[in-house]
Amino acid sequence: MKKDLLKPFQQDAVSRMKNGCVLVGGVGSGKSRTSIAYYISIKRNRPLYIITTAKKRDSKEWEEELALFGEAAERIDSWNNIKKYVDVKDAFFIFDEQRVIGYGAWTKAFLKITKKNEWVLLSATPADTYMDFIPVFIANGFYRNKTDFCDQHVIWSRFSKFPQVKGYMREGVLVRHIKDIVVTMDYTRPTEVHHETIMTDYDRTLYKIVQSQRWDPYEEKPIENVSQCCYLLRRIASSDPSRIEAVSSLLIDHPKAIMFYRYDFELELLRELMVRDEVPFAEWNGHKHEPIPNSDRWAYLVQYNSGCEGWCCTETDTMIFYSDDYSYKVMVQAAGRIDRMNTSFHDLYYYHLCSSAPIDKAVARALRQKKNFNENKFING
């Protein structure tokens, strides 16, 4: 194996990895390369299968990493197609970008695959709770199923209308299980990141109409649910002309910038701005998968759900969050698109556009606390 392809911290991780482990490393720490090195060290003629994001599959990043080692995979496919491989046996699987939380179709397919194959799981952000580890615990043989885990460890709330975890029993056992399977990469980033909040204005009158009267001023009809109410409040804040002009000013000082947005109406506003200011731009979302423009000035408009992970860009030191996502993990993944080991920039700049609207402040506060924003809690108190 070409050890010169690995940094010392990656070599150390390989030496600690084993079948069924979870390799945890920050975005851009080289988990892909490290997992390939581990596979080579133990492959024993087992074919390699890689389950990754659709974007990373389509960009051929895994093929490039494998080529450095003179290796190739039997198949590289997305999580959307994981059920195609439930009958594969005696192979080695790399599950890229943790997707096995909960008990959906992907988790069920994952558990079937792990019974007949060797495998490792890659994750940029460790699980938040013991419950998130259940599929991996089962795959490692610690528990027969979810019910077995819950019977041994979960204390349920007696006063909740729906199943709610109050606490855990025998936590020492759970801590030992996690220490047994989690391999953390000791990676010190060469970059220095700078996060700055750019304050913008919002229409307070319109905001109060939505908040107090539960009225949709755009469709002129009553608001039906909590999600719609939050959407409208954020639309009012994000549509303000001051936010668009803030973007325009940032693109003057930073001629190349990746810009994350959450809603379709934000994309329309950004498109209009790019045309107005004659800024070359490209998009990555559920409808368009365009490459970054090849020019001295550009903006890359990326929708969080479509492009927060599985690709990288070392051509810029700037990222603009037109509006923050509700998920802390999504924000971490998105920020990592430019924070890579091979970037030539030492200083990276992240600009968060935010108004003083209560919902914007609540989202920002949750993210600072490394939590997800809860719509129900915000609306209903």
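Provided above is the structure to which this section pertains.
Calculation notes
- Residues numbered from 1 in each chain as written.
- Predicted model: local features only at pLDDT ≥ 70, side-chain atom pairs only at ≥ 80, totals over all residues.
- Heavy atoms only, no water.
- Helix = DSSP H or I, 4+ residues; strand = E, 2+ residues; numbered from the N terminus.
- Rg over C-alpha atoms; globule rule 2.2 N^0.38 Å.
- Buried < 20%, exposed > 50% of the residue type's maximum accessible area, 1.4 Å probe, protein only.
- Pairing = 2+ DSSP bridges.
- Axes fitted to C-alpha atoms, helices over the stretch in contact; angles between N-to-C directions.
- Contact = heavy atoms within 4.5 Å.
- Salt bridge = Lys/Arg side-chain N within 4 Å of Asp/Glu carboxyl O.
- Expected span 1.5 Å × (residues − 1).
- Polar contact = N/O pair within 3.5 Å; in protein donor to acceptor, adjacent residues only side chain to side chain.
- Patch = residues over 30% accessible without salt bridge, like charges linked within 9 Å, V, L, I, M, F, W, Y side chains within 5 Å.
- Areas by Shrake-Rupley, 256 points an atom, 1.4 Å probe, with all protein chains shown as cover.
- Lys, Arg positive; Asp, Glu negative; His and termini not counted.
- Charge placed at Lys NZ, Arg CZ, Asp CG, Glu CD.
- Parallel < 35°, antiparallel > 145°, perpendicular 65-115°, else oblique.
- Left-handed = near helix turned anticlockwise from the far one by under 90°.
- Nonpolar A, V, L, I, M, F, W, Y, C, P; charged D, E, K, R; others polar.

S.K.: How do you make sense of the overall build of the protein chain when you look at a structure like this?
M.R.: For the protein chain, the helix and strand inventory stands at 16 helices and 16 strands. Whereas a compact globule of 381 residues would reach a radius of gyration of roughly 21 Å, the protein chain reaches 23 Å, a difference of no more than 12%. Viewed in the frame of its principal axes, the protein chain has a C-alpha envelope of about 65 × 60 × 35 Å. The buried share of the protein chain, reckoned over its 381 residues, is 51%.

S.K.: Quick question: what am I supposed to make of the sheet that holds strand β5 (residues 118–123) here?
M.R.: Strands pair in a sheet through their backbones, by hydrogen bonds, and they do so in one of two ways: parallel or antiparallel. The strand order across the open sheet built from 6 strands is β3-β2-β4-β5-β1-β8, with neighbouring strands paired in parallel fashion. Each edge of the open sheet is held by one strand with a lone partner, namely β3 (75–78) and β8 (182–184). Strand-to-strand twist in this sheet, taken as the mean axis angle between neighbours without regard to direction, amounts to 20°. Contacts between helix α2 (residues 31–42) and the sheet are confined to β1 (22–24), β2 (48–52), β4 (92–95) and β5, with β5 contributing the most and set at about 165° to the helix. Helix-sheet contacts for helix α5 (residues 105–116) involve β4 and β5, and the interaxial angle to β4 is about 150°.

S.K.: Looking at this structure, I do not really get the pattern of salt bridges. What am I missing?
M.R.: Pairing is possible between side chains that carry opposite charge, provided their charged atoms lie close to one another. Considering all chains together, one arrives at 20 salt bridges under this definition. The residue Asp180 makes a salt bridge to Lys18 at a minimum N-O spacing of 2.6 Å. You can see Asp180 sitting in helix α8 (residues 171–181) and its partner Lys18 sitting in the loop between α1 (8–16) and β1, a full 162 residues away along the chain. With a shortest N-O distance of 3.0 Å, Glu71 and Lys43 are connected by a salt bridge. Pair noted here: Glu71 is in the loop between α4 (61–68) and β3 and Lys43 is in the loop between α2 and β2, with a separation of 28 residues, a long-range link. Salt bridges sharing common partners tie together Arg57, Asp58, Arg75 and Asp77.

S.K.: Before we go on, may I ask you to explain helix α11 (residues 241–253) in this structure?
M.R.: For an α-helix, the turn length of 3.6 residues means that residues three or four places apart are oriented alike. End to end, α11 covers 19 Å across 13 residues, agreeing with the expected 18 Å (1.5 Å per residue, within 8%). Three or more residues of α11 are buried, namely Arg243, Ile244, Ala246, Val247, Ser248, Leu250 and Leu251.

S.K.: Sorry, what's going on with the side chain of Asn285 here?
M.R.: Inspection of the secondary structure puts Asn285 in the loop between β13 (281–284) and β14 (298–303). We classify Asn285 as buried; its relative accessible area is 4%. Polar side-chain contacts of Asn285 include one of 2.7 Å to the backbone nitrogen of Lys288. Among residues more than four places away in sequence, those in contact with Asn285 are Tyr261, Leu267, Gln303 and Ser306.

S.K.: I tried to follow a positive patch on the surface on my own but got confused; where do I start?
M.R.: A cluster of basic side chains, namely Lys89, Lys108, Lys112, Lys115 and Lys116, defines a positive patch on the protein surface. Its place among the elements puts Lys115 in helix α5.

S.K.: What exactly am I supposed to notice about the packing of α2 against α4 here?
M.R.: Look at α2 against α4: their axes get within 10 Å of each other, and the N-to-C directions meet at 50°. The angle between the axes of α2 and α4 places the two elements in the oblique class. α2 and α4 meet at a crossing whose hand is right-handed. Judged by residue contacts, Ser32, Arg33, Ser35 and Ile36 of α2 engage Trp62, Glu65, Leu66 and Leu68 from α4. Among the residues forming the contact of α2 with α4, the class breakdown is 4 nonpolar, 2 polar and 2 charged.

S.K.: Mind showing me how you'd approach the packing of α1 against α2 here?
M.R.: How two helices pack is summed up by the angle between their axes together with the distance between the axes. Running from amino to carboxyl end, α1 crosses α2 at an angle of 45°, the nearest separation of the two axes being 9 Å. Comparing their axes, α2 and α1 come out oblique. Where α1 crosses over α2, the two elements pack in a sense that is right-handed. Along its contact with α1, which presents Gln10, Ala13 and Val14, the element α2 presents Thr34, Ala37, Tyr38 and Ser41. Per-class residue counts for the contact of α1 with α2 are 4 nonpolar, 3 polar and no charged.

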